[in-house]
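Overview (structure and organization)
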Amino acid sequence: MLSKKLINKKLGQGAFAMARQVKELKKTTDNSKIINSTIGTFFDNNENLLIFDTVEKIYKELPPVDIFGYASGVSGSAEYKEAVKKDILSNHLDLFTKTKTYIDVTATAGGTGAIHNTFKGYAEEGDTILLPNFMWEAYVNLSQANNLNYQTYNLFDNNSFDLKDFSEKILTLIKKQKKVIIVINDPCQNPTGYSLSFEEWEAVIEILKKASSYGEVILLNDIAYIDYDFRGKELSRKHFSLFANLPKNIFVILAYSMSKSFTCYGLRSGAQIAISSSQEIMEEFSYSSEFLCRTSWSNISKGGMAILSEIFNNDNYLNEIDANRIEWVKLLKERAKVFLENAEKENLNHCPFKGGFFITIPISEHKEKILKYLIEKNIFVLPLKNGIRVAICSVPTEKLKKLPKEIKKAIDNFQI
Ligand SMILES: Cc1ncc(COP(=O)(O)O)c(C=O)c1O
């Protein structure tokens, strides 16, 4: 019965399935004995979801029509598009104008919608796209949903971004395919917490320029965790200046999300922010992304868009949220410190970490056994293809203290 294109396309035992398992366990076991490091949402040390008071207040005070009515445009309201631009590109707007670099915004159902639209809009069926070797598993599902194949580029060379492998993979693929979509989830990559330095971004751009002499390059920079960058707001956005005045056949799309940045996970509000030196490419983007929205979810939550528009129309709101987030980033820093110090004590290896919600322990062998062993001790960490992800965003500081020791014990248990 099912369409051939969907046969055997199943979601794996991802974060949501494990979270259900934890919920069951909580019925019979005291929560203090459970470590739930499965979901990528931010909890306080009492394991309650963190929500910005300001965001909640704005939402509750919206006129009903702004919540229940249809949004004004399929690709998003004009106010929302302006707010997204201000949030992400305000420091670079002059540079973009001066260099005749065009920007356009399409509202999407979360950052997920932005990724989906980009894959659907810019890859041909059967194409291969490039993803990082440590990644958010939904990228694979999203590529499968669009009948795409994927290859991975190696993220790390020791403690830095592996520019050599990145360059080789892109050049090989573009020479064959004449077009390539590359996903870079930065800053605060999910699942490793790595952020490229500005110099690494400069080198990435040089590689993309080289690749663009062989064909069309589409860079999808997923910025879902941008506001939890330990370097602060300005530095988290610094590399966007490098997207000005690029060759016309390099097209940049930023996948923007209100989920983490404004604790609006359930409001499903995000955007594609398109950047190009070509007016023609931007015109294509405008009509095609609107078409894709209309034919997948139509328009997005009016309330979600109204929240962001309000925040960027009122400096007080923005200042309150920024000040609040600075405190939350302090909490993340504290949790990271506790975990990493204990990891070092235990000699537990981890991927390079710079900031954000997650830390990854690379594991090449016996992963299933290690996970089973941990689950028997009521410890739930997210399995990746090549490691396990620790969500410092959702585990209280006290519980994170003992986690490295337990993980190390589990790994050592299966070393021969
Ligand atoms: C790396 C990454 N990108 C994008 C998203 C998209 O989030 P949303 O669709 O909720 O905006 C997530 C959510 O977990 C993520 O981890």
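Residues numbered from 1 in each chain as written. Predicted model: local features only at pLDDT ≥ 70, side-chain atom pairs only at ≥ 80, totals over all residues. Heavy atoms only, no water.

**Considering the site of the ligand**
Surrounding the ligand, one finds 14 residues, the nearest of these being Gly111, Thr112, Asp222, Ser257 and Ser259. In the model, a nitrogen atom of the ligand is placed 2.5 Å from a nitrogen or oxygen of the Asp222 side chain. Taking Tyr225, its side chain carries an N or O atom lying 2.7 Å from an oxygen atom of the ligand. When residues of the shell around the ligand are traced back to their parent elements, those giving at least two are helix 6 (110-122) and helix 11 (258-261). Broken down by element, the shell around the ligand gets its largest block of residues, three residues, from helix 6. (Near = heavy atom within 4 Å. Polar contact = N/O pair within 3.5 Å; in protein donor to acceptor, adjacent residues only side chain to side chain. Helix = DSSP H or I, 4+ residues; strand = E, 2+ residues; numbered from the N terminus.)

**A look at the sheet that holds strand 12 (residues 379-384)**
Strand order in this open sheet of four strands is 1-12-13-11, and the pairing throughout is mixed. Edge positions in the sheet fall to strand 1 (35-37) and strand 11 (358-362), since each has one partner strand and no second. Here the average twist between neighbouring strands, direction ignored, is 35 degrees. Across three bridges, the pairing between strand 12 and strand 13 (residues 387-391) is antiparallel. Looking across to strand 13, one finds that Leu382 is bridged to Arg389. Relative to the sheet, helix 1 (residues 15-26) contacts strand 1 and strand 12, its axis offset from that of strand 12 by approximately 165 degrees. (Pairing = 2+ DSSP bridges. Axes fitted to C-alpha atoms, helices over the stretch in contact; angles between N-to-C directions. Contact = heavy atoms within 4.5 Å.)

Keep in mind these values describe shape, not function.
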